Amino acid sequence: MNMRAFVLTRYGGPDAMELRDVPRPSPGPGEVLIHVYAAGLNPVDFKMREGMLRVISRYPLPIIAGSELSGVVVSKGSGVTSLAEGDRVFTRVDKKRLGAFAEFAVVREELVAKMPSSVDFTTAAGVPLAGLTALQALRDELRVTSDQNIFISGGAGGVGTFAIQLGKWLGAHIATTASARGEEMVRKLGADVVVDYAREHFDQVLRDYDGALDLIGGDTLLKSFGVVKRGAKVVSIAGVPEPQTASKDLQAGPTLATLFWAASWRIRHQARKYGVAYRYLFMRPSGTDLSELATLIDQQKLEIVIDRTFPFAHIADAFAYLEQGHAKGKVVVQMVE
Ligand SMILES: NC(=O)c1ccc[n+]([C@@H]2O[C@H](COP(=O)([O-])OP(=O)(O)OC[C@H]3O[C@@H](n4cnc5c(N)ncnc54)[C@H](OP(=O)(O)O)[C@@H]3O)[C@@H](O)[C@H]2O)c1
């Protein structure tokens, strides 16, 4: 049986991805087949299309793209114990396999969690990648504790909307940057201090923070070192990978670590100048962490901000919108109305 899917055919611009009819996959041992109701878009999807991640992941092309989805389990392979047919689920799919932009997707059981019961499929599809990234960066890398002052750059985007709320949930005082377009929203999500990055230099108004999460990279990352105390840590998800990214996040050997060491030299040099630790994090798919997010959502402690939705047939328009870089929260495509 065939299904509709958005396929990466080669590395390149927007026309390198196209809607195609492809065979429906079937689940192997430890996997479930999910009828996909909605899928979230993320900058990684177009970075991958452009070939920016080729050093890390080389995909056999063509490949069905897409990193996160919500839907219903329709069948399971042998050995699956935590999920049953009919379960409403969401997942950040396997990075090596992708496949969320399709009517059906096969995902390993341990990457899948039951969806929060208080939200619909479209809303749930916006959670996995950005929500897990924010959780893992704040909880595991920055180890945020209550009463700390944490700076988050780029609070109005997909990851930022989760990071602000999770930072508050961990008990921290949160400062963030947003333009006038996003200010009201980030305040509503709990940001205590908002610096309009288009009007003010955040590094001139914020001082002595206990840690920073950089969601922008480039100059914003370099300036973040001046915002935190000596001995503090700056975690970036948008800067340049460093040696630990290779060993800890990618389980890669010394060759990639050396490459990242060279690529991140300028950033690490700047961090050293300020006496600050630098870490570039690649998020990790995890059903367990997703269940934690589902609980927070059902407890009304975590709100999901969906900026725009598009029908699956118009996924190219959804990409064009996301690639403008001004999304306020998440962009989601709907496979089932
Ligand atoms: N390493 C990882 O595992 C990982 C995981 C997830 C995401 N990422 C990366 O993290 C970055 C953020 O992802 P995302 O999903 O949050 O992106 P996004 O949703 O596309 O972010 C868009 C938002 O960024 C804001 N923005 C743009 N430039 C800014 C600046 N200089 N200062 C403050 N805000 C700015 C925009 O606000 P205005 O329109 O108001 O300017 C917009 O609201 C991307 O580069 C993504 O690839 C990495």
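Worth saying up front: this structure is predicted, and the values here are computed from it rather than measured. (Residues numbered from 1 in each chain as written. Predicted model: local features only at pLDDT ≥ 70, side-chain atom pairs only at ≥ 80, totals over all residues. Heavy atoms only, no water.)

Trainee: Residues and numbers for the overall build of the chain, please.
Mentor: Helices and strands together make up the secondary structure of the chain, namely 12 helices and 16 strands. Relative to the compact-globule value of 20 Å for 337 residues, the chain shows a C-alpha radius of gyration of 19 Å, a close match. Within the span of the chain, comprising 337 residues, buried residues form 57% of the whole. Contacts in the chain between residues at least 24 apart in sequence constitute 70% of all its contacts with a sequence separation of at least 6. Summing over all exposed atoms, the chain offers an accessible surface of approximately 14,400 Å²; the carbon and sulfur share of this is 50%. On the chain, the mean spot of the 39 positive side-chain charges and the mean spot of the 37 negative ones are 6 Å from each other. (Helix = DSSP H or I, 4+ residues; strand = E, 2+ residues; numbered from the N terminus. Rg over C-alpha atoms; globule rule 2.2 N^0.38 Å. Buried < 20%, exposed > 50% of the residue type's maximum accessible area, 1.4 Å probe, protein only. Contact = heavy atoms within 4.5 Å. Areas by Shrake-Rupley, 256 points an atom, 1.4 Å probe, with all protein chains shown as cover. Lys, Arg positive; Asp, Glu negative; His and termini not counted. Charge placed at Lys NZ, Arg CZ, Asp CG, Glu CD.)

Trainee: Give a detailed account of the site of the ligand, specifying residues and quantitative values.
Mentor: Neighbouring the ligand are 25 residues, the closest being Lys 47, Ser 179, Tyr 197, His 326 and Ala 327. Leu 281 is positioned with one of its backbone polar atoms (N or O) 2.8 Å from a nitrogen atom of the ligand. Residue His 326 places a side-chain N or O atom 2.6 Å away from an oxygen atom belonging to the ligand. When the ligand is considered free in solution it has 930 Å² of accessible area, and contact with the protein chains removes 87% of it. (Near = heavy atom within 4 Å. Polar contact = N/O pair within 3.5 Å; in protein donor to acceptor, adjacent residues only side chain to side chain.)

Trainee: How would you sum up the domain arrangement of the chain? Please name residues and give values.
Mentor: Put simply, an interface is often sized by how much accessible area is lost when its parts join up. The assigned domain composition of the chain is domain 1 (2-127 + 305-334) and domain 2 (130-280). Counting residues at the interface gives 13 residues for domain 1 and 16 residues for domain 2. With both chains or domains summed, domain 1 and domain 2 bury close to 1,000 Å², and 71% of this area falls on carbon and sulfur atoms. On the surface where domain 1 and domain 2 come into contact, there are zero salt bridges. Viewed at the interface, domain 2 and domain 1 are joined by two residue pairs in polar contact (both at pLDDT 80 or more). Looking at side-chain class alone, the side of domain 1 that touches domain 2 contains five nonpolar, four polar and four charged residues. (Domains from an automatic or database assignment. Buried area = accessible area lost by both parts, 1.4 Å probe. Salt bridge = Lys/Arg side-chain N within 4 Å of Asp/Glu carboxyl O. Nonpolar A, V, L, I, M, F, W, Y, C, P; charged D, E, K, R; others polar.)

Trainee: Let's hear about the UniProt feature "domain: Enoyl reductase (ER)" (unreviewed entry) in the chain: which residues, and what values?
Mentor: UniProt tags residues 12-333 as "domain: Enoyl reductase (ER)" (unreviewed entry). End-to-end, the C-alpha atoms of residues 12-333 are 22 Å apart, and along that stretch the chain is 33% helix and 27% strand. (UniProt positions renumbered as here; feature names shortened; annotations may be inferred.)

Trainee: Explain the sheet that holds strand β12 (residues 209-214) to me, and be specific about the residues and the numbers.
Mentor: Across the sheet, six strands lie side by side as β11-β10-β9-β12-β13-β14; this open sheet has parallel pairing. The open sheet has two edge strands, β11 (193-196) and β14 (277-280), and neither has a second partner. Across this sheet, the average inter-strand angle for adjacent strands is 15°, counted without regard to direction. As paired elements, β12 and strand β13 (residues 228-236) share five bridges and run parallel to each other. Residue pairing for β13: Tyr 209 is matched across the bridge by Val 228. On the sheet, helix α4 (residues 158-169) packs against β9 (149-153), β10 (173-178) and β12 and is oriented at approximately 170° with respect to β10. (Pairing = 2+ DSSP bridges. Axes fitted to C-alpha atoms, helices over the stretch in contact; angles between N-to-C directions.)

Trainee: Give a description of the environment of Gly 226 that names residues and reports values.
Mentor: The residue Gly 226 is located in the loop between α7 (218-224) and β13 in this model. Here Gly 226 falls in the buried class, since its relative accessible area comes to 19%. In this structure the C-alpha to C-alpha distance between Gly 226 and Asp 208, which are 18 residues apart in sequence, comes to 8.3 Å. Each residue touching Gly 226, except ones within four places of it in the same chain, is listed here: Leu 206, Arg 207 and Tyr 274.

Trainee: Tell me about the nonpolar core, residues and numbers included.
Mentor: Formed by 48 residues in total, the largest nonpolar core has its most connected members in Leu 138, Leu 166 and Leu 213. Breaking this core down by element, the ones donating at least two residues are α2 (121-125), α3 (128-141), β9, α4, β10, α5 (180-188) and α11 (287-298). When residues of this core are assigned to their parent elements, the largest contribution, seven residues, is made by α3. Mapped onto the domain boundaries, this core takes at least three residues apiece from domain 1 (2-127 + 305-334) and domain 2 (130-280). If we skip the residues at most four places from it in the chain, Leu 166 touches Gly 131, Ala 134, Leu 135, Leu 138, Leu 293, Leu 296 and Leu 302. Listed in part, the 39 residues of the second largest apolar core include Leu 83, Val 89, Ala 100 and Leu 322. (Core = buried A, V, L, I, M, F, W, Y, C linked by side-chain atoms within 4.5 Å.)

Trainee: Provide a residue-level description of the packing of aromatic side chains, including the pertinent values.
Mentor: Counted by the stated rule, this structure contains eight aromatic pairs. With 4.2 Å between their ring centres and 35° between their planes, Tyr 37 and Phe 121 make a pair best called tilted. Taken as a pair, Tyr 37 in strand β3 (residues 31-41) and Phe 121 in helix α2 lie far apart in primary sequence, 84 residues in all. Take Tyr 37: its relative accessible area is 22%, and that puts it in the partly exposed class. The class of Phe 121 is buried, set by a relative accessible area of 14%. Here Phe 101 and Phe 319 contribute two aromatic rings whose centre-to-centre distance is 5.8 Å and whose plane-to-plane angle is 85°, an arrangement assigned as edge-to-face. Here Phe 101 is found in the loop between β6 (88-92) and β7 (104-108), whereas its partner Phe 319 is found in helix α12 (residues 315-323), with 218 residues between them in sequence. Overall, the relative accessible area of 0% leaves Phe 101 in the buried class. (Phe/Tyr/Trp six-rings, centres within 6.5 Å; stacked < 30°, edge-to-face > 60°.)

Trainee: Quick one: what's the story with the packing of α3 against α4, residue by residue and with numbers?
Mentor: Axis separation between α3 and α4 bottoms out at 8 Å; the angle between their running directions is 45°. In terms of orientation, α3 lies oblique with respect to α4. The two elements α3 and α4 cross, and the hand of that crossing is right-handed. Between α3 and α4, the residues in contact are Ala 130, Gly 131, Thr 133, Ala 134, Leu 135 and Leu 138 and Gly 158, Val 159, Phe 162, Ala 163, Leu 166, Gly 167 and Trp 169, respectively. (Parallel < 35°, antiparallel > 145°, perpendicular 65-115°, else oblique. Left-handed = near helix turned anticlockwise from the far one by under 90°.)

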